[in-house]
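Spelled out, the chains give:
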Amino acid sequence: MEPDFFPSSDMWWGTLGTVRPFSNFQPDKDVKEIQEALGKKDVVTLVRILTNRSNAQRQDIAKSFQEQTKQDLSAALKKVLSGDLEDLLLQLMMLPDQLEAHRLKGAMAGLGTDEETLLEILCTRSGKKLKEVSAVYRQVYKKELEKELKAETSGDFAKLVVALLNKEVSAGAVQRDVQALTASLSGKKAEAGPWINILTSRDSDHLDKVLMELELETGQMVDQMVEKRFSGDFRLGLRVLVQCIQNPEVYLAQRLVPMK
């Protein structure tokens, strides 16, 4: 991610996890093995190769496969795979921005919306990266991501997800932001506006200071304030956003292995 929320400027699943560029990478050799595996429906070989190459290397394999066979590798994989394994390997073959667009589309497909997936992507990607994902979404699905999000959400939660999609870092004073958040909680009904405006428009260092000062001033943890004063999808959105600001590594780990 870029520094609007996280210190690393290029936070991607491939660099966060265990997948690294294969040290003795030979795309033509991989293509030969994949061709043989496709013919035999040897799923073990397909998984071994495609899960042990970086995304860039998988793109080289796909290009080499196309040149040698005049076929699309993803289409060839679909013919011999099914179920979750098919979904996994096809997603591995996507470029990062394509995968993000695909996941967002899937989160809004059918009855109901997968708010957790929407929030994971919107809260943990930079404004710059989300613009790139939006462009891919428009190219692939011929629809505007922002309009799709608005159609699938409502109320303050809709305002939050749109603000996250369009986030840009702007300067702010820590104490003034703390005062605005404190004031938003002083009435009978908590105001969502200051939380949306501040938490989607400041850099990570600034927000860390704001949330720490807010906890000191109120004597409550931020997640407790959110839990008590907000409700529904907006409360879920704020909880995820606060987690991503305060401890993104823990949040992402819990997404991979949900706590019981």
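Residues numbered from 1 in each chain as written. Predicted model: local features only at pLDDT ≥ 70, side-chain atom pairs only at ≥ 80, totals over all residues. Heavy atoms only, no water.

## Some points on the overall build of the protein chain
Item 1. Counting secondary structure elements, the protein chain contains 17 helices and zero strands.
Item 2. Principal-axis analysis of the C-alpha atoms places the extent of the protein chain at approximately 65 × 40 × 35 Å.
Item 3. In the protein chain, buried positions account for 42% of the 260 residues.
Item 4. Considering only residue pairs separated by 6 or more positions, the protein chain has 70% of its internal contacts joining residues 24 or more positions apart.
Item 5. A gap of 3 Å separates the mean positions of the 36 positive and 39 negative side-chain charges of the protein chain. (Helix = DSSP H or I, 4+ residues; strand = E, 2+ residues; numbered from the N terminus. Buried < 20%, exposed > 50% of the residue type's maximum accessible area, 1.4 Å probe, protein only. Contact = heavy atoms within 4.5 Å. Lys, Arg positive; Asp, Glu negative; His and termini not counted. Charge placed at Lys NZ, Arg CZ, Asp CG, Glu CD.)

## Section: helix α7 (residues 96-107)
Item 1. With twelve residues, α7 should reach 16 Å at 1.5 Å per residue; the first-to-last C-alpha distance of 17 Å fits that figure.
Item 2. Residues D97, L99, E100, A101, R103, L104 and A107 constitute the buried set of α7. (Expected span 1.5 Å × (residues − 1).)

## Examining the pattern of salt bridges
Item 1. On inspection of all chains with the given rule, the structure shows 17 salt bridges.
Item 2. Between D30 and R53 there is a salt bridge, with its nearest N and O atoms 2.8 Å apart. Here the residue D30 occupies a position in helix α2 (residues 27-40), and R53 occupies one in the loop between α3 (43-50) and α4 (55-69), the gap between them amounting to 23 residues.
Item 3. The class of R53 is buried, set by a relative accessible area of 4%.
Item 4. Residue E100 is joined to R103 by a salt bridge in which the shortest nitrogen-to-oxygen separation is 3.8 Å. Of the two residues, E100 and R103 both sit in helix α7, three residues apart, roughly one turn of that helix.
Item 5. With relative accessibility at 1%, the residue E100 sits in the buried group. (Salt bridge = Lys/Arg side-chain N within 4 Å of Asp/Glu carboxyl O.)

## Notes on the side chain of S64
Item 1. The topology assignment puts S64 in helix α4.
Item 2. On the basis of relative accessible area, S64 is assigned to the buried category, the value being 6%.
Item 3. In terms of polar contacts, S64 uses its side chain to reach the side chain of D28, at 2.8 Å.
Item 4. Filtering out sequence-adjacent residues up to four positions away, S64 remains in contact with P27, D28 and V31. (Polar contact = N/O pair within 3.5 Å; in protein donor to acceptor, adjacent residues only side chain to side chain.)

## Some details on helix α14 (residues 204-218)
Residue pairs spaced three or four apart in an α-helix point in one direction, given the helix's 3.6 residues per turn.
Item 1. Taking 1.5 Å per residue as the helical rise, α14 with its 15 residues ought to reach 21 Å, and the 21 Å between its terminal C-alpha atoms agrees with that figure.
Item 2. If you follow the buried residues of α14, they end up packed against α12 (174-184), α13 (193-199), α15 (222-229) and α16 (232-246).
Item 3. In this structure D203 caps α14, since a side-chain oxygen of it lies 3.2 Å from the backbone nitrogen of D205.

## Here's the deal with the confidence of the model for the protein chain
Item 1. Scored by pLDDT, the protein chain has a mean of 90; 92% of the residues are at 70 or more.
Item 2. Confidence over residues 1-16 falls short of pLDDT 50; this stretch has 52 contacts with residues more than four positions distant or in other chains. (pLDDT = per-residue confidence, 0-100.)

## Digging into the layout of surface pockets
Item 1. Approximately 190 Å³ is the volume found for the second largest pocket.
Item 2. Taken together, the elements giving at least two residues each to the lining of the second largest pocket come down to α15 and α16.
Item 3. The dominant element in the lining of the second largest pocket, judged by the number of residues it contributes, is α16, at four residues.
Item 4. Within the lining of the second largest pocket, the residues separate by chemical class into three nonpolar, two polar and four charged. (1 Å grid on protein atoms, 1.4 Å probe; cavity = no way out; pocket = protein on both sides within 12 Å on 5 of 7 lines; lining within 4 Å. Points joined across faces, edges and corners; volume = space filled by probe spheres on them. Nonpolar A, V, L, I, M, F, W, Y, C, P; charged D, E, K, R; others polar.)

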